[in-house]
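# Coordinate inspection notes
Residue-level listing of the chains:
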Amino acid sequence: MRFFNNIETKNILVIGDVMLDTYFNGDVKRISPEAPVPVFRKKYEHSVLGGAANVAANLIAAVQKVSMMAIVGKDHAGEQLIEQLRMKGINTQLVVTLERNTTVKTRFLADNNQQVLRLDIEDIDEINNDECKVLIENLTQKIEQFDLILISDYLKGLLSYQFTQSVINIANKNNIPVIIDVKDQKVDKYKNAYLIKPNLKELHDLTRMPVLNDTEIIKASEHLKKICNCNYVLTTCGARGMVLVGNGEPYFINSVGQEVYDVTGAGDTTIAYLAACIANGLSIKESVNIANYAAGIQVSKVGTSSVYWQEVQQCLWRQTKSYIHKVLSKDMIENFREQQKNKKIVFTNGCFDILHIGHVKYLKEASQLGDILIIGLNSDDSVKRLKGPERPINYEIDRAELLAALDFVDYIVIFEEDTPYELIKRIQPDILVKGGDYCYDNVVGTDIVEKRGGKLVLIPFVEGQSTTNIIKKLG
């Protein structure tokens, strides 16, 4: 599988039913004297984005630029939901507030995160013609901004037949793929999409065909593809994995072997990573494989949560034994500081053209100064400007993977500039490390580190060890 390593940030619009997932954590120790029911004693609560909003959150975790089109109620839950979307960096300009209840799902979790009850507050009446017209007008004005549209249907009133078909028609006219996480039994609603994703029950409901074994699943998927006039049908089969039906032979994807704690949000994660991969130009099989790994990570977590691209990379690495998962693009470090807010980050940079013992000792000592060591690696063009037209000896991706093979190196980021100043600004490290040939006054980025309470550390080089000396000996 080709690694989804140099991921680009694409503009993805998520359209769907948003909700607030609220969790009451507590315990059950007795039965009520009033009725034969357990007494739940709440200790604390928290709320996270759910439904289509969770899809959008997972796209942010996959380092995409995300806009949300949805409806919320004029209530506190609606305000809370919009605020959480904005805090995630999701554009909410296309979110419309209506006179209705915002969907809230409250789960009561007792010892060992055992769910004992769920309380739902929701309105599921479909939007009317006037509301549909406003949403379509808003979409028409913004449509050229997007690389892909993801529709997440939870049957909570937004995705009427009229609205869904209007979105697909507008997207198709602008050559923008639409992928849909389906829920409705009305198959005509999803016609002419690029890809639709049912689970086994939904596949049966949409086709009225049996889906008890692989042969039946394939026949039903092919029938659904035909009547929907879509390019692909991706059916999720729970622990059995997924089946992709398109123009060629059916493609079976086994589920990733993870310990399952909670299946909540697994479908959201699957469709989010599928969208990110398709928008980035990966083949459909590569996209499905990566989405499958992301879903495997999701079910190993408790409750609705996001799966970050670094987690997917590490999962891919464990399967392939490659070190390239440690090489991050600049987009991947956009929220890196926030994700590692409780860790002490150490940063250093250099060309590392021919890796030698001096480099290894220097980097190992640097790694011991904190929890995470990130190396800013000069690109090939940057090395040429600094060292001359005959350098580098080794290409940037080879230099990066050699550094990544050191177990005490956590991440590498390749940068094009002559100095790592902008990179340091984005990473916001706690410790900045340079070699002993530098002095305090001429180290780029010291001001950034000290501003956040960090410090510069100078580590002496091993005497006589340098790439230049190695090149001279070879000459």
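A brief report on the enclosed structure follows. (Residues numbered from 1 in each chain as written. Predicted model: local features only at pLDDT ≥ 70, side-chain atom pairs only at ≥ 80, totals over all residues. Heavy atoms only, no water.)

### Considerations on the packing of helix α3 (residues 129-142) against helix α4 (residues 161-173)
Packing of α3 against α4 leaves a shortest axis separation of 10 Å and a crossing angle of 15°. Taken together, α3 and α4 sit at an angle that is classed as roughly parallel. Viewed along their axes, α3 and α4 form a crossing whose handedness is right-handed. In this structure, α3 contributes N129, C132, L135, I136, L139 and T140 to the contact, and α4 contributes Q162, F163, S166, V167 and I170. Here the contact of α3 with α4 is composed, by residue class, of seven nonpolar, four polar and no charged. (Axes fitted to C-alpha atoms, helices over the stretch in contact; angles between N-to-C directions. Helix = DSSP H or I, 4+ residues; strand = E, 2+ residues; numbered from the N terminus. Parallel < 35°, antiparallel > 145°, perpendicular 65-115°, else oblique. Left-handed = near helix turned anticlockwise from the far one by under 90°. Contact = heavy atoms within 4.5 Å. Nonpolar A, V, L, I, M, F, W, Y, C, P; charged D, E, K, R; others polar.)

### Describing the packing of aromatic side chains
Under the criterion given, the structure shown has four aromatic pairs. Measuring from centroid to centroid gives 5.3 Å for F336 and Y411, while their planes differ by 85°, and the two rings are edge-to-face. Of the two residues, F336 is situated in helix α10 (residues 336-339) and Y411 in strand β17 (residues 411-415); the sequence distance between them amounts to 75 residues. Accessibility expressed as a relative area gives 9% for Y411, which makes it buried. Three or more aromatic residues joined by ring pairs form one cluster here, namely F24, F40 and F108. The ring of F24 carries K42 above its face, with NZ or CZ at 4.4 Å from the centroid. (Phe/Tyr/Trp six-rings, centres within 6.5 Å; stacked < 30°, edge-to-face > 60°. Buried < 20%, exposed > 50% of the residue type's maximum accessible area, 1.4 Å probe, protein only. Lys NZ or Arg CZ within 6 Å of the ring centre and 35° of its normal.)

### Let's talk about the sheet that holds strand β18 (residues 431-435)
Strand order in this open sheet of six strands is β14-β17-β16-β15-β18-β19, and the pairing throughout is parallel. Strands at the two margins of the open sheet, each flanked by one partner only, are β14 (327-328) and β19 (455-459). Relative to β19, β18 runs parallel, the two being bridged by five bridges. Residue K434 lies in a different strand from β19, and its bridge partner there is L458. (Pairing = 2+ DSSP bridges.)

### Here's the deal with the pattern of salt bridges
As enumerated under the stated definition, the model contains 21 salt bridges in all. For K29, the salt bridge is made with D111, and the minimal N-O distance between the two is 3.9 Å. Placement of K29 in strand β2 (residues 18-31) and of D111 in the loop between β6 (104-109) and β7 (115-121) is noted, with a sequence separation of 82 residues between them. Taking relative accessible area as the criterion, D111 reaches 41% and is therefore assigned partly exposed. Across the salt bridge formed by D188 and K191, the nearest N and O atoms sit 3.7 Å from each other. Judged by its relative accessible area of 40%, D188 falls in the partly exposed class. Exposure remark for K191: the relative accessible area of 31% places this residue in the partly exposed category. Here the salt bridges share partners, and the residues they tie into one network are D27, R41 and K43. (Salt bridge = Lys/Arg side-chain N within 4 Å of Asp/Glu carboxyl O.)

### Quick look at helix α6 (residues 214-228)
Given a rise of 1.5 Å per residue, 15 residues ought to cover 21 Å, and the 21 Å separating the end C-alpha atoms of α6 matches this to within 8%. The complete set of buried residues in α6 reads I217, I218, A220, S221, L224, K225 and C228. Of the surrounding elements, those touching the buried residues of α6 are β10 (195-197), α5 (200-207), β11 (232-236), β12 (242-245) and β13 (251-253). N-capping of α6 is provided by N213, with a side-chain oxygen placed 3.2 Å from the backbone N of T215. Positive phi shows up at N229, right after α6, with a value of about 55°. (Expected span 1.5 Å × (residues − 1). Polar contact = N/O pair within 3.5 Å; in protein donor to acceptor, adjacent residues only side chain to side chain.)

### Quick look at the pairing of strand β9 (residues 178-181)
Of the two faces of β9, the one lined by V178 and I180 and the one lined by I179 and D181 are each fully buried. As judged from the four bridges shared by strand β8 (residues 148-152) and β9, these two strands associate in the parallel manner. When the bridges of β9 are listed, L150 appears paired with I179. After leaving β8, the chain enters α4 and then returns to the sheet as β9, a path that is right-handed. Relative to β10, β9 runs parallel, the two being bridged by three bridges. Considered in β10, the bridge of I180 is made with I196. (Right-handed = clockwise from strand over helix to strand, strands pointing away.)

### A few points about the environment of A171
Structurally, A171 is set in helix α4. Sequence separation between A171 and I149 is 22 residues; the distance between their C-alpha atoms is 7.6 Å. When neighbours within four sequence positions are excluded, A171 is seen to be in contact with I149, I176 and V178.

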